[in-house]
Amino acid sequence: MKFTLNWLKELVEVAASPDELSDLLTMAGLEVESLTPLARSDADPNDWVFEISVTPNRGDCLSVLGLAREVAAFTGKPLKYRPSDPQPKVTQCLETVAIKIVNPELCWRYSAMVVENVGIGQSPMWMQHRLEACGFRSVNNVVDVTNYVMVEVGQPLHAFDLDRLTSGQIVIRQSSGEGFATLDGVKRELTLGDLLICDGNTPIALAGIMGGQNSEVTAATRRVLLESAHFDPTTIRRTAKRLGLHSEASHRFERGVDPARTVLAAQRAAQLISEHAGGSGSAGVLDSYPHPPQPPAILLRQDRIRKVLGVEIASPEADKILSALGLKTGKAAGGGNLVVVPPTSRCDLTREADLIEELARLYGYQNIPTTLPVLHPKAGKADYQLIWERRLRSFLTGEGLVEVINLPFTNDVLNQTFSGLWSGPTAPVAVLNPLVKDSAEMRLSLLPGLIENLRLNLAQKTDGFFAYHLGKVFRLRTNGEIEEKQCLAGLLYGSRKRKGLRSADMPGPVTFLDCKGIVEGIFDLFRLRESIVWSRANVAVLHPGRSAELRRDDQKIGYMGESHPDVNDRFGLSPMMAFELDFEKLLQYSPRQIRARSLPRYPAVERDCALVVDQAVPSQQIITCINELGQNLIKGIEIFDEYRGDSIPYGKKSLAYKIFYRADDRTLTDDEVNTMHQQVLDHISKVFQAQRRS
Amino acid sequence: MIDPEVFKFVGYDPDRVSGFAFGMGVERIAMLKYGIDDIRLFFQNDLRFLRQFR
């Protein structure tokens, strides 16, 4: 809301400089957004334009008078505003119209005045300048007066051309769904909730928002009906929002206009119109005010003030502050308690808490001493999940990865391709009001975000990208519930090239085994390595031959591998290595306690073997199978060679293992070991159609 | 100070319980601490930015 300093000075004595006034208003809760000198060359150099940001609860500050009251309360300087006097010139027009309010709960008060013998023309220059400084366009002397009084006093007014009204009755009623042309030329489709001002049966204005084309003041107007009314804020807001039609009037009605001031405003406007448009006002004011509201009597407890603000404001001082704001105070039962009645202009004050806020505001927030709260700390525990997240981050940083953070939104196309590691029917969660079309769904997987990070960084000419993202993914369950899951995903791309003399020796582009190493390292960190089963993956976005699914006890923990060629084509990238793990499962399965195991008391015996199997057989399966056989006597299996080539038949590979046999209670004899080893080899040969390779 | 209506809504008696709330943008605090000049950097994930924070 804009106003000028000189205008304010007409209503209240101001001794402060513009800067001081600006500080005062800001500290009072009316933030001054800008303070600029008037733009015109002939302007008073001592005049300034203030632009303030008024919070929605302070409808009373959307007028110079309201602001003047605030300034008077804060500075103690007197208000100068007096309602319009002298009285406007009188003609007998009382029987011109009758007022009928059909919905008194939506229109609390309707006042009107008639001004006759009006000559439409330009407003005086001082009024035009003031209106322009406050952001209004000058229209004509009558319309300008309605705007001027609205800004000055806070009461929106509307001027009708009285000769265009025929029924002699102003009816305020709800719409029955008719169409109506507002004075901006647009035909509006109305609904039941919209409030109308009607000439008999014919709508002439959209109440509180905008007048109609059929009744507006034109150059030919000779008689004016001035409307000064109060409308229900909720109704106005609903209509304005639905039609996308906002006006200075509707803005004020939405935030609360003082119903006690309608007549005053009408009189002031009639006076100004008489002075500047040559009119003569009617003697009386038509006023329909069926049920004047009673402001609440609020109990303000003395001890409550101290409990909320932390500072003592004794009853006499509280009384003084609230009176300065225009509230009526009286003593209430109980030491120092007051009963307070706010004026009708302060519809935002309804409870004790509101009064205490007014006390704080005028006492000055800056005057409340600063203390620290007294807390009684209890021995706390670090959060289990946070400890593990920290450890995980340290580990990954040590592996050379950086952490990225991405917004949780994505689009339907990416969600269809990257469906994450969910089990069971998975539907994405839709965003009700997305900022951007491409961000209309919550992500099912962390990978598309990482790929996008990769692309952006490639555009910056980076040659290696090693990153992880620890974040949530979302899906919609069939019963309509939204499920979240904390996941860890990583993307490795390019070379780990280092600068320097030996850079030629440095490893080339990142490989599947590099990625596997990191994933195994993560499992090591969570003490899960032994219990994770690796199997061939069936993930749409990963290369079928170079990917693995990770399970534990038949629960899906995640997947890793090289990106599928289709994905590479789609994004125009070379193959990437990626993994996505269910962090919550890692946390869940990680043993909380380390249980130490005693050292082996008896030595282990090694045996090697080399097996020729079909290329499709995963080594992990063989290892698992051997472990199952071994019962408690196989303490370790290491793969140490994989060979394809000359002496190996086509379509097969040779895998070489070192098996460690050890008993807990005795040294195994050679015979025992040999027997066991033979059993293992026989079994493996049968299960996997393997041949021993000598 | 937390509005008494909020307390009532969640089942606390505002006469017995009071509270205060405040907000600090974590990114903005980080910007002050590390001298970062553009808040968008936190979400762009440019390696040249991320690598500075190990």
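Residues numbered from 1 in each chain as written. Chains lettered and ligands numbered in written order. Predicted model: local features only at pLDDT ≥ 70, side-chain atom pairs only at ≥ 80, totals over all residues. Heavy atoms only, no water.

Caption draft 1: Highlighting the overall build of chain B. Scanning chain B from terminus to terminus reveals 4 helices and 0 strands. Scanning chain B from its N terminus toward the C terminus, one meets helices and strands in the order α-α-α-α. Relative to its full complement of 54 residues, chain B shows a buried share of 22%. Total accessible area on chain B stands at roughly 4,500 Å², and carbon and sulfur atoms take up 57% of it. (Helix = DSSP H or I, 4+ residues; strand = E, 2+ residues; numbered from the N terminus. Buried < 20%, exposed > 50% of the residue type's maximum accessible area, 1.4 Å probe, protein only. Areas by Shrake-Rupley, 256 points an atom, 1.4 Å probe, with all protein chains shown as cover.)

Caption draft 2: The overall build of chain A, seen in detail. Counting its regular elements, chain A contains 19 helices and 31 strands. Within the span of chain A, comprising 694 residues, buried residues form 49% of the whole. The contacts in chain A between residues at least 6 apart in sequence include a share of 70% that link residues at least 24 apart. Carbon and sulfur atoms make up 51% of the accessible area of chain A, which totals about 34,400 Å². (Contact = heavy atoms within 4.5 Å.)

Caption draft 3: Summary view of empty space enclosed by the protein. Residue and element names in this part refer to chain A. Under the counting rule described, the total for this entry stands at 2 cavities of 30 Å³ or more. The computed volume of the largest cavity comes to approximately 110 Å³. Lining the largest cavity are 13 residues; nearest its centre among them are Val153, Gly154, Val257, Asp258 and Arg261. Looking at side-chain class alone, the lining of the largest cavity contains 3 nonpolar, 6 polar and 4 charged residues. The computed volume of the second largest cavity comes to approximately 60 Å³. The wall of the second largest cavity is formed by Phe418, Leu447, Ile451, Leu491, Val541, Leu542, Ser563, Val567, Met576 and Ala578. By residue class, the composition of the lining of the second largest cavity is 9 nonpolar, 1 polar and no charged. (1 Å grid on protein atoms, 1.4 Å probe; cavity = no way out; pocket = protein on both sides within 12 Å on 5 of 7 lines; lining within 4 Å. Points joined across faces, edges and corners; volume = space filled by probe spheres on them. Nonpolar A, V, L, I, M, F, W, Y, C, P; charged D, E, K, R; others polar.)

Caption draft 4: Representation of the interface of chain A and chain B within the structure. Counting residues at the interface gives 21 residues for chain A, matched by 16 residues for chain B. Around 1,500 Å² of area is buried between chain A and chain B when both sides are counted, 49% of it from carbon and sulfur atoms. By the criterion of area lost to chain B, the three top residues of chain A are Arg351, Val402 and Ile405 of chain A, representing 28% of everything that side buries. Taken together, chain A and chain B are joined by 3 salt bridges. Run the count over chain A and chain B and you get 8 residue pairs in polar contact (both at pLDDT 80 or more). (Buried area = accessible area lost by both parts, 1.4 Å probe. Salt bridge = Lys/Arg side-chain N within 4 Å of Asp/Glu carboxyl O. Polar contact = N/O pair within 3.5 Å; in protein donor to acceptor, adjacent residues only side chain to side chain.)

Caption draft 5: Quick look at the packing of aromatic side chains. Residues and elements named next belong to chain A. Going through the model one piece at a time under the given rule, you end up with 14 aromatic pairs over all chains. Each ring, one from Trp7 and one from Tyr148, has its centre 4.4 Å from the other, and the planes form 20°; the classification is stacked. Of this pair, Trp7 sits in helix 1 (residues 5-11) while Tyr148 sits in helix 5 (residues 141-153), and the two are 141 residues apart along the sequence. We note that Trp7, like Tyr148, is buried. The ring of Trp534 carries the charged tip of Lys516 above its face, separated from the ring centre by 4.9 Å. Its end group placed over the ring of Phe640, Lys658 keeps NZ or CZ at 5.5 Å from the ring centre. (Phe/Tyr/Trp six-rings, centres within 6.5 Å; stacked < 30°, edge-to-face > 60°. Lys NZ or Arg CZ within 6 Å of the ring centre and 35° of its normal.)

Caption draft 6: Highlighting the pattern of salt bridges. Taken as a whole, this structure holds 53 salt bridges over all chains when the rule is applied. For the salt bridge of Asp60 of chain A with Arg58 of chain A, the shortest nitrogen-to-oxygen distance reads 2.9 Å. You'll find Asp60 of chain A and Arg58 of chain A in the same group, each marked buried. A salt bridge links Asp46 of chain B to Arg48 of chain B; the nearest nitrogen and oxygen atoms lie 2.8 Å apart. Connected through shared salt-bridge partners, Arg58, Asp60, Glu70, Arg346, Asp348, Glu358 and Arg361 of chain A make up one network.

Caption draft 7: Structural detail: the nonpolar core. By size, the foremost hydrophobic cluster in this structure holds 50 residues, and its most contacted members are Phe3 and Leu8 of chain A. Excluding residues that lie within four positions of it along the chain, Leu8 of chain A makes contacts with Phe3, Val14, Leu21, Val64, Leu67, Ala68 and Val71 of chain A. Judged by nonpolar contacts, the second largest core, of 36 residues, contains Ala467, Val539 and Met576 of chain A together with Ala30 of chain B. (Core = buried A, V, L, I, M, F, W, Y, C linked by side-chain atoms within 4.5 Å.)

Caption draft 8: Looking closely at the pairing of strand 26 (residues 555-563) of chain A. Residue and element names in this part refer to chain A. Most of strand 26 is tucked away, with 8 of its 9 residues classed as buried. As paired strands, strand 25 (residues 542-552) and strand 26 are joined by 7 bridges and run antiparallel to one another. The residue of strand 26 that forms the bridge with Glu549 is Tyr559. Hairpin remark: strand 25 followed by strand 26, antiparallel, with 2 residues in the connecting loop; positive phi at Asp553, about 55°. The pairing of strand 26 with strand 27 (residues 577-582) spans 5 bridges and is antiparallel. Paired with Met560 across the two strands is Phe579, which belongs to strand 27. (Pairing = 2+ DSSP bridges.)

Caption draft 9: Focus on helix 9 (residues 302-309) of chain A. Residues and elements named next belong to chain A. Every buried residue of helix 9 is accounted for by Gln302, Arg304, Ile305 and Leu309. With its buried residues spanning 160° around the axis, helix 9 presents them on a single face. Looking at the buried side of helix 9, the elements it contacts are strand 16 (298-300), helix 10 (315-324) and helix 11 (352-363). Where helix 9 ends, the next residue or the one after it, Gly310, has phi of about 80°, a positive value. (Arc of directions from axis to C-beta.)

Caption draft 10: Expanded view of the side chain of Thr239 of chain A. Residue and element names in this part refer to chain A. Among the secondary structure elements, Thr239 is positioned in helix 6 (residues 233-243). Given the relative accessible area of 3%, Thr239 is considered buried. Dropping the residues within four chain positions of it, Thr239 is found in contact with Gly193, Asp194, Leu206 and Ile209.

Caption draft 11: Spotlight on the sheet that holds strand 2 (residues 31-37) of chain A. Residues and elements named next belong to chain A. The antiparallel open sheet is built from 3 strands, whose spatial order is 1-3-2. Strand pairing shows two members of the sheet lacking a second neighbour, strand 1 (2-4) and strand 2, which therefore form its edges. Between one strand axis and the next, the sheet turns by 25° as a mean value, whatever way the strands run. Across 3 bridges, strand 1 lies against strand 3 (residues 48-53) in antiparallel orientation. Residue pairing in the sheet places Lys2 in a bridge with Glu51 of strand 3. Helix 2 (residues 18-27) contacts strand 1, strand 2 and strand 3 of the sheet and is inclined by roughly 160° relative to strand 2. (Axes fitted to C-alpha atoms, helices over the stretch in contact; angles between N-to-C directions.)

The analysis is restricted to geometry; functional conclusions fall outside its scope.
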